[in-house]
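Below, each chain spelled out in residue letters.
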Amino acid sequence: MRVVKLSIGLFLILVLWGNSYAEKGSSGTIYSFTMKTIDDSEKNFSDYKGKVLLIVNTASRCGFTPQLGSLEELYQRYKDKGLEILAFPANNFLGQEPGNNQEIKNFCYRKFNTTFTLFSKTSVKGADINPLYRYLTQESEFKGPISWNFNKFLVDPQGEVVARYESRVDPLSEEIIRKIEEILPDK
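Residues numbered from 1 in each chain as written. Predicted model: local features only at pLDDT ≥ 70, side-chain atom pairs only at ≥ 80, totals over all residues. Heavy atoms only, no water.

K.L.:
Pulling in residues and values, what's your account of the packing of aromatic side chains?
P.N.:
This model, assessed by the stated rule, comprises nine aromatic pairs. Summarising the aromatic geometry, the rings of F45 and F119 are spaced 5.7 Å apart at their centres and angled 50° between planes, so their arrangement reads as tilted. You can see F45 sitting in the loop between β2 (42–44) and β3 (52–58) and its partner F119 sitting in the loop between β5 (117–118) and α4 (131–138), a full 74 residues away along the chain. We note that F45, like F119, is buried. Ring geometry for F88 against F119: centres 4.4 Å apart, planes inclined by 5°, an arrangement best described as stacked. Taken together, the residues F88 in strand β4 (residues 83–89) and F119 in the loop between β5 and α4 connect sequence positions 31 residues apart. (Phe/Tyr/Trp six-rings, centres within 6.5 Å; stacked < 30°, edge-to-face > 60°. Helix = DSSP H or I, 4+ residues; strand = E, 2+ residues; numbered from the N terminus. Buried < 20%, exposed > 50% of the residue type's maximum accessible area, 1.4 Å probe, protein only.)

K.L.:
Give a description of the packing of helix α2 (residues 67–78) against helix α5 (residues 174–183) that names residues and reports values.
P.N.:
Where α2 meets α5, the axes come as close as 12 Å, and the angle between the chain directions of the two elements is 25°. When the axes of α2 and α5 are compared, the pair comes out roughly parallel. The chirality of how α2 crosses α5 is right-handed. Between α2, through L74, R77 and Y78, and α5, the contact on the second element is made entirely by I177, I180 and E181. A breakdown of the residues in the contact of α2 with α5 according to their chemical character gives four nonpolar, no polar and two charged. (Axes fitted to C-alpha atoms, helices over the stretch in contact; angles between N-to-C directions. Parallel < 35°, antiparallel > 145°, perpendicular 65-115°, else oblique. Left-handed = near helix turned anticlockwise from the far one by under 90°. Contact = heavy atoms within 4.5 Å. Nonpolar A, V, L, I, M, F, W, Y, C, P; charged D, E, K, R; others polar.)

K.L.:
Describe the pattern of salt bridges, and please don't skip the residues or the numbers.
P.N.:
Under the counting rule described, the total for this entry stands at nine salt bridges. E42 serves as the salt-bridge partner of K36, at 3.1 Å between the closest nitrogen and oxygen. Judged by relative accessible area, which is 46%, E42 ranks as partly exposed. D47 is the partner of K43 in a salt bridge, and the nearest nitrogen-oxygen pair spans 3.2 Å. Salt bridges linked by common partners bring K36, D40 and E42 together as one network. (Salt bridge = Lys/Arg side-chain N within 4 Å of Asp/Glu carboxyl O.)

Spelled out as structure tokens, the structure:
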């Protein structure tokens, strides 16, 4: 009897989680998602319609952490032309993002003077993967698990994922800049 109750409970959790996922975005575009910012406010991705998005999972104690500075420089260079940087701190790799939201925000601002959008600390892989990253890694054209901190997804102004870059590719690389300039709405 206990197994049946446990199975029914697990079934209900999966159904409820599945419904929540559907509400939070699985319609085929990035614009169906709503995520919490690092300041705990809701951000509807439909607000980004017509913008180029660079979505990146970040960590403050990683060898790639200096890319936060590159991300900020890229943002300053192209924000007036329609680029948004969306950073998702995650602690999925060797505990390299141990801080809470306030600590992460303070670190990013103090160390790199970041002004691009930081979202709440989240999970970008595994059983607790957030719905956006489930979409990016399982439903977009660029499927595959996040390999490490600072994986990057580039989204065009129509909400389609058009490129993916691994951690070693710096945001200021010619490869990324060329693709951004190609798809910017205000060239």
